[in-house]
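# Geometric and topological summary
So the chains spell out like this:
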Amino acid sequence: MKIAIIGAGVSAAAACKALTAQGASVTVFEKARGPGGRVSSKRALAGSFDFGAQYFTARSQAFLAQVQQWQSQGLVQRWEFVPYQYQHGQLSPSPDDEIRYIGTSTMHQMLAGEFEGATMYTGCKINELSYICSNVSSQSTGQWQLCSEQGECFGGFDALLLTCPPAQAKQLLEGAPLSLQIPEQALLPCWAVLLELASATHHQAQGIFVRDGNTRWIAQQSAKPGRHSARLQQDTAQAPEQWLVHLSEDCSAAELETMPEQISALAAAELSRVLGTEVQVAAALCHRWLYASYNSDIPPCGVLFDKKMQLALCGDWTLGGRVENAWLSGVEAACKLLGKAHHI
Ligand SMILES: Cc1cc2nc3c(=O)[nH]c(=O)nc-3n(C[C@H](O)[C@H](O)[C@H](O)COP(=O)(O)OP(=O)(O)OC[C@H]3O[C@@H](n4cnc5c(N)ncnc54)[C@H](O)[C@@H]3O)c2cc1C
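Residues numbered from 1 in each chain as written. Predicted model: local features only at pLDDT ≥ 70, side-chain atom pairs only at ≥ 80, totals over all residues. Heavy atoms only, no water.

### What about the side chain of Ser 329?
Looking at the secondary structure, you find Ser 329 in helix α8 (residues 323–338). Discounting residues that sit within four places of it in the chain, Ser 329 has contacts with Ser 11, Val 303, Cys 314, Gly 315, Asp 316, Thr 318 and Leu 319. (Helix = DSSP H or I, 4+ residues; strand = E, 2+ residues; numbered from the N terminus. Contact = heavy atoms within 4.5 Å.)

### A look at the domain arrangement of the chain
Per the domain assignment, the segments of the chain are domain 1 (2–40 + 111–183 + 301–338) and domain 2 (44–107 + 186–294). For domain 1 and domain 2, the distance between their C-alpha centres works out to 30 Å. On the domain 2 side, the residues contacting the 21 residues of domain 1 number 22 residues. Taken together, the two surfaces of domain 1 and domain 2 that pack against each other cover about 1,800 Å², and 62% of this comes from carbon and sulfur. By the criterion of area lost to domain 2, the three top residues of domain 1 are Arg 38, Ser 40 and Glu 324, representing 32% of everything that side buries. Inspection of the domain 1/domain 2 interface yields zero salt bridges. Seen at the junction of domain 1 and domain 2, the total is nine residue pairs in polar contact (both at pLDDT 80 or more). When residues of the side of domain 1 that touches domain 2 are traced back to their parent elements, those giving at least two are α3 (166–172), α7 (316–319) and α8. Here the side of domain 1 that touches domain 2 gets four residues from one element, more than from any other, and that element is α8. Looking at the side of domain 1 that touches domain 2 residue by residue, the class counts come to ten nonpolar, five polar and six charged. (Domains from an automatic or database assignment. Buried area = accessible area lost by both parts, 1.4 Å probe. Salt bridge = Lys/Arg side-chain N within 4 Å of Asp/Glu carboxyl O. Polar contact = N/O pair within 3.5 Å; in protein donor to acceptor, adjacent residues only side chain to side chain. Nonpolar A, V, L, I, M, F, W, Y, C, P; charged D, E, K, R; others polar.)

### Structural notes on the state of the cysteines
Taken as a whole and assessed by the stated rule, the structure comprises one disulfide. Here Cys 147 is linked by a disulfide to Cys 153, with a sulfur-sulfur distance of 2.1 Å. On the S-S bond that ties Cys 147 to Cys 153, the torsion sits near 105°, and the link is right-handed. Looking at Cys 153, the relative accessible area reads 46%, which means it is partly exposed. Cys 16 takes part in no disulfide bond, and the closest cysteine sulfur to it belongs to Cys 314, at a distance of 11 Å. (Disulfide = S-S within 2.5 Å. Buried < 20%, exposed > 50% of the residue type's maximum accessible area, 1.4 Å probe, protein only.)

### Quick word on the sheet that holds strand β20 (residues 311–313)
The strand order across the open sheet built from six strands is β9-β2-β1-β13-β20-β19, with neighbouring strands paired in mixed fashion. Sheet topology places β9 (119–121) and β19 (304–306) at the edges, where each strand pairs with a single neighbour. The mean angle between the axes of side-by-side strands here comes to 15°, regardless of whether they run parallel or antiparallel. Bridge count between strand β1 (residues 2–6) and strand β13 (residues 159–162): four bridges; the pairing is parallel. Counted as the bridge partner of Ile 3 is Ala 159 from β13. This element, helix α1 (residues 10–21), spans β1, β2 (25–29) and β13 of the sheet and lies at about 170° to β1. Docked against the sheet, α8 engages β1, β13, β19 and β20, running at close to 165° with respect to β13. (Pairing = 2+ DSSP bridges. Axes fitted to C-alpha atoms, helices over the stretch in contact; angles between N-to-C directions.)

### Let's talk about the sheet that holds strand β17 (residues 242–247)
Strand order in the open sheet formed by seven strands is β7-β6-β15-β16-β17-β14-β18, with mixed pairing between adjacent strands. Here the strands that pair on one side only, and so sit at the sheet edges, are β7 (90–93) and β18 (281–294). When strand polarity is set aside, the average angle formed by the axes of neighbouring strands in this sheet is 20°. Relative to strand β14 (residues 187–197), helix α6 (residues 260–275) is tilted by about 75°, and along the sheet it contacts β6 (84–87), β7, β14, β15 (207–210), β16 (215–220), β17 and β18.

Shown next as structure tokens:
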């Protein structure tokens, strides 16, 4: 069975692993330079910075088993810190029992091996799909053809799995019956800003849940294990303090077209407000996510599947957001495509 997967994020990795383990021939098409999607880290300033998912949790047995496997391979580790919260002008510790995991050195490190059994095209944005029907001994079957932005076409796929954000999936599947079930507004935007400070605040907080204002999350990136460059890890006294600010969904939506310089200034003001001290920024880096986190106003639609067309859609948004749900959705989609019962 020849299967095409669009996207190389967490859900695609889970699906790819499950499909290749069952002997399917899988080809992955990813528009970015490498796998990761929203769990990507960027090499920038004095190390690598997690500009998407900050950490992940494992609440189901199935995903916990996967995380433990990554841990034993040295790809994932626990991020142990006391969370803080900022509410009504007060910043205070807010300890909880949650076990949080991060990728070792980079967030996407754990995914690379999951694509090993597949053929992968990176820097390849698929912008056209066609399903070509054929009638073989009275049974209607078909094959998928995918064409990239660069004009290259890839054909002969028995099945297709889309893992891209819902708005993009809807656009690609325009006219297909399954597209009517895609909730377009399931993911909300987020501006992520990395701020390198000219002088250290020496603040104890490593991760702060911000409950009001323009921000929803702040992390001391430089305190996260393994994020500094090798040189600075040996000489931590030289390491500059780096803070990551995620602006809130509402603020990010309102400032979607604002210039990065202004977004950096806004993030610096937010960091000063929350820490209660005026920060001096030496360097800043912004990343705009058009589709970041799950919109909890929309009920999860579940993994979508059209048996006749051998077409499946998965991704965090089908099961309610988060890395864990992305993984589970990928496994479920693979089971549907293989015609197997789902045992999670
Ligand atoms: C700012 C931010 C903070 C987050 N914080 C957390 C957190 O703390 N904890 C947590 O559990 N989760 C968090 N998340 C959510 C988590 O990152 C996602 O749930 C998970 O990574 C989604 O994986 P996915 O495979 O469903 O989708 P994605 O990672 O979005 O993968 C889809 C892939 O498809 C590719 N693609 C799209 N269109 C095309 C096309 N036409 N052709 C080829 N390729 C295409 C994309 O480039 C992408 O790589 C956060 C996300 C963001 C953005």
